[in-house]
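# Breakdown of the fold
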Amino acid sequence: MRQVRRTGRRRVALLAVASLAVGPTLVGCDAGPADPDGPPLSTTASPNVRRFSPGQPGVGDPYFPTYGNGGYDVREYAVKVRYDPASDLLSGVVGLRATATADLSRFNLDLAGLTVRAVTVDGEPATHARDGDELTVTPAAGLPAGNGFAVEIRYDGKPTPLDNALLGAGGFRHTPDGAVALGQPESASSWFPVNDHPSDKATYDIEVTVPDGVTALSNGAPVGRSSSGGWTTWRWAERTPMASYLSTLVIGDYRVSTGEHRGRPVVTAVSERLPKGAADASMAATVEVADYLESVFGPYPSGAYGGVVISDNRITYALETQSRPVYSAGFFRAGENTSVVAHELAHQWFGNSVSITRWQDIWLNEGLATYAEWLWVEHRGGKTAQRSFDDAYAGSPAGVWRTPPGDPGVAELFGDSVYQRGAMTVHALRVTIGDDAFFRFLRTWATEKRDGNATTDEFVATAEQVSGRQLDDLFDAWLFGAERPARPR
Ligand code: TRP
Ligand code: ZN
């Protein structure tokens, strides 16, 4: 079964994704029935009258149909939250600026738990309703496609995690000393209203107010801290467009190190509940690892460096939260571990700067990040990337060969096929096109898609362009075949 689209068909596939993401745009008189719940339509009899329709409650991701929303594109979020670890109560005000991509009578945001108190659109009160994790906002007047609009939402409550039986622990969780919020494929909507899908990247200004003496970490550059009345507000700015699942909040008692590297702020932190040692040493290696990856992939794509090691043993993973990955303590139990740092930092290029458009393409993130680990190990004098490939090729269990990393299904979204066979796919490409074309391709991919979104078809097309080779058969076998592909030569 061929899954990689030949050159002529790629455009069609991309357009299909784009129209899914945008939802129906109804302009003109016979564009469809009016929304019965929407605001009154224009009363003019002009044939060009706009019909305002509800935005879709999902962005059209085949794996997660309710994630994200249709009809608009967020440009920036200003998230202000106050959290009291003693009571586990959070209150927030979120401002966002977006552009309508359809004539909207109303639109949705994603929000799990919590209680919405008030919403304004362009400064005017708007009505709001909740249905599960969907928040529907109906502005006083319709929002024309192409126009910007600003939303402000006030809300509060006790946050609850967004755990997924198949995919693990995610979202906001109370810890003994504070809280952590992180997760994939969703997390953000457990602590603020958001268009929760990687296809809608935006900048973030995040302000976190916590009791004096408690640390509050988030994404991007630290942009100030102030105290009053027993509360301290920590301000963070992530000005590189970010997918919502890459947002994080870490509150508690932390050993924080700050510095500067190549003109960018560095903030690393380790939970005070962990003994000083391997975790601290691994965080200290962050900039060295980032510099190595920069020598392979091109300029570091984020405005800040960092990393946070948490102690909560309900979290057993690391996540590439933008500019400041979060690591569970388990990674450093046996000593310094820079492989996991290389993995999470590689995601700053592949996953964070170049983001997926739909979750099915997750191998683009995990295959390249795992391959970066192989490169780092070789760079440090360990086994070669070729040897890592050989070991994985010989040693992967049958499930890896049965599961196509290019369409793994929801249950295997973070399974071995996506990571190991994904990395083997990258190495197969390298062997096929040669080192010179391969490393030029990696830089081209990172540069051309920087701060954007991409698909597997575009990855194949760029590899073909840079190498001048026909690569459909290679990628079909490695990404979509249900048996072990032949060894690349
Ligand atoms: N994507 C993460 C990484 O590669 C690991 C991961 C897999 C994860 N599943 C997750 C993280 C669920 C958070 C939640 O580093
Ligand atoms: Zn990863």
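Residues numbered from 1 in each chain as written. Chains lettered and ligands numbered in written order. Predicted model: local features only at pLDDT ≥ 70, side-chain atom pairs only at ≥ 80, totals over all residues. Heavy atoms only, no water.

## Section: the nonpolar core
Quick reminder of the rule: Here, the term nonpolar core denotes a set of buried Ala, Val, Leu, Ile, Met, Phe, Trp, Tyr and Cys residues that are joined through side-chain atoms within 4.5 Å. For each residue, the accessible area found with a 1.4 Å probe, counting protein chains only, is set against the maximum for its type, and the residue is called buried under 20%, exposed over 50%, and partly exposed in between. Comment: elements are numbered from the N terminus, with helices defined as DSSP H or I runs of at least four residues and strands as E runs of at least two. Domain start and stop positions are those given by an automatic or database domain assignment. Here, two residues are considered to be in contact whenever any of their heavy atoms come within 4.5 Å of each other.
In terms of nonpolar packing, the biggest core is built from 137 residues, with Tyr77, Phe107, Trp191, Phe192, Leu429 and Phe475 touching the most fellow members. Tallying contributions element by element places helix H5 (residues 363-379) first for this core, with 9 residues. Both domains that furnish three or more residues to this core are identified here as domain 1 (2-34 + 53-346) and domain 2 (354-480). Tyr77 has contacts with Val94, Gly95, Leu96, Phe192, Pro193, Val194, Asn195, Ala202, Thr203, Tyr204 and Asp205, leaving out every residue within four places of it along the chain.

## Quick notes on unusual backbone geometry
Of note, the amide linkage connecting Gln184 to Pro185 takes the cis form, showing an omega dihedral of 15°. Structurally, Pro185 can be placed in the loop between strand S10 (178-182) and strand S11 (202-211). Phi is positive for Asp88, which is not a glycine, with a value near 65°. With a relative accessible area of 13%, Asp88 lands in the buried category. A positive phi is found at Leu114, a non-glycine position, where the angle reads about 65°. Judged by its relative accessible area of 12%, Leu114 falls in the buried class.

## A closer look at the domain arrangement of the chain
Rules: The term buried area means the drop in 1.4 Å probe accessible area that two parts suffer when joined, counted for both and summed. Take a side-chain nitrogen of Lys or Arg and a carboxyl oxygen of Asp or Glu: if they are within 4 Å of each other, that pair is a salt bridge.
Each assigned domain of the chain is listed with its residue range as follows: domain 1 (2-34 + 53-346) and domain 2 (354-480). Taken together, the contact pairs 43 residues of domain 1 with 46 residues of domain 2. Carbon and sulfur atoms supply 59% of the area buried between domain 1 and domain 2, which totals about 3,900 Å² over both sides. Between domain 1 and domain 2 we count 0 salt bridges in total.

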